[in-house]
Amino acid sequence: DMTAKVLVPSFSAQAMGEFRHACPEVATAASSSDTQKFVLSNFIFLSKLLSPEYEAFQVPQTAYGLQLVTRHFVDSAHKRNLQVHVWTMNDAVQMNQLIKMGVDGIMTDRPDILLEKLGRISK
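Residues numbered from 1 in each chain as written. Predicted model: local features only at pLDDT ≥ 70, side-chain atom pairs only at ≥ 80, totals over all residues. Heavy atoms only, no water.

K.L.:
Teacher, can you tell me more about the nonpolar core here?
P.N.:
For soluble globular proteins, nonpolar side chains are generally found buried alongside one another. If you look at the biggest cluster of nonpolar residues, it comprises 21 residues, and the most contacted ones within it are Phe38, Phe57, Val69, Val74, Val84, Leu98 and Val103. With near-sequence residues (within four places) excluded, valine 74 lies in contact with Val69, Val84, Met101, Gly102 and Val103. (Core = buried A, V, L, I, M, F, W, Y, C linked by side-chain atoms within 4.5 Å. Buried < 20%, exposed > 50% of the residue type's maximum accessible area, 1.4 Å probe, protein only. Contact = heavy atoms within 4.5 Å.)

Take a look at the structure:
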């Protein structure tokens, strides 16, 4: 009875397609190719034409030397009711930037820093 509390990610489009077919009730993250399609469509302002089969992006802040997570990316994802989770962020300044952009999740090896930035613990 945990299907509403699970998000399944995979880099593989094939694995995601098979999982989505077998378990359509479970939320999934965009595969690498799903993310590439969204980013390219978003870059040319056509992301509204996509019909995503996923509920979230789980992405690095940069990829291939390009800034992937930007305010425009986050806003476009949110307009499509998609969440943006960024990995793996351990720098306090970059965490602040991501929080200000409105990302939905930050994966980190330094939860102490993130909790401080979120105001949940004091230094």
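Here the narrative resumes.
K.L.:
How do you make sense of the confidence of the model for the chain when you look at a structure like this?
P.N.:
It should be kept in mind that the predicted coordinates are not to be read in detail where pLDDT is low. On average, residues of the chain carry a pLDDT of 92, and 98% of them reach 70 or more. Summarising per-element confidence for the chain, the mean pLDDT is lowest in strand E5 (residues 66-67) (88) and highest in strand E6 (residues 83-87) (97). (pLDDT = per-residue confidence, 0-100. Helix = DSSP H or I, 4+ residues; strand = E, 2+ residues; numbered from the N terminus.)

K.L.:
Before we go on, may I ask you to explain the pattern of salt bridges in this structure?
P.N.:
Proximity of charged atoms lets side chains of opposite charge pair with each other. Within the structure shown, the criterion is met by two salt bridges. Put simply, aspartate 34 and arginine 20 hold a salt bridge, and the shortest N to O gap is 3.3 Å. Within this pair, whereas aspartate 34 is found in helix H2 (residues 32-43), its partner arginine 20 is found in helix H1 (residues 13-22), the two being separated by 14 residues in sequence. For aspartate 34, a relative accessible area of 14% gives the class buried. Residue arginine 20 is classed as buried on the basis of its relative accessible area, which comes to 12%. For aspartate 112, the salt bridge is made with arginine 110, and the minimal N-O distance between the two is 2.6 Å. The exposure class of aspartate 112 is partly exposed, given its relative accessible area of 35%. (Salt bridge = Lys/Arg side-chain N within 4 Å of Asp/Glu carboxyl O.)

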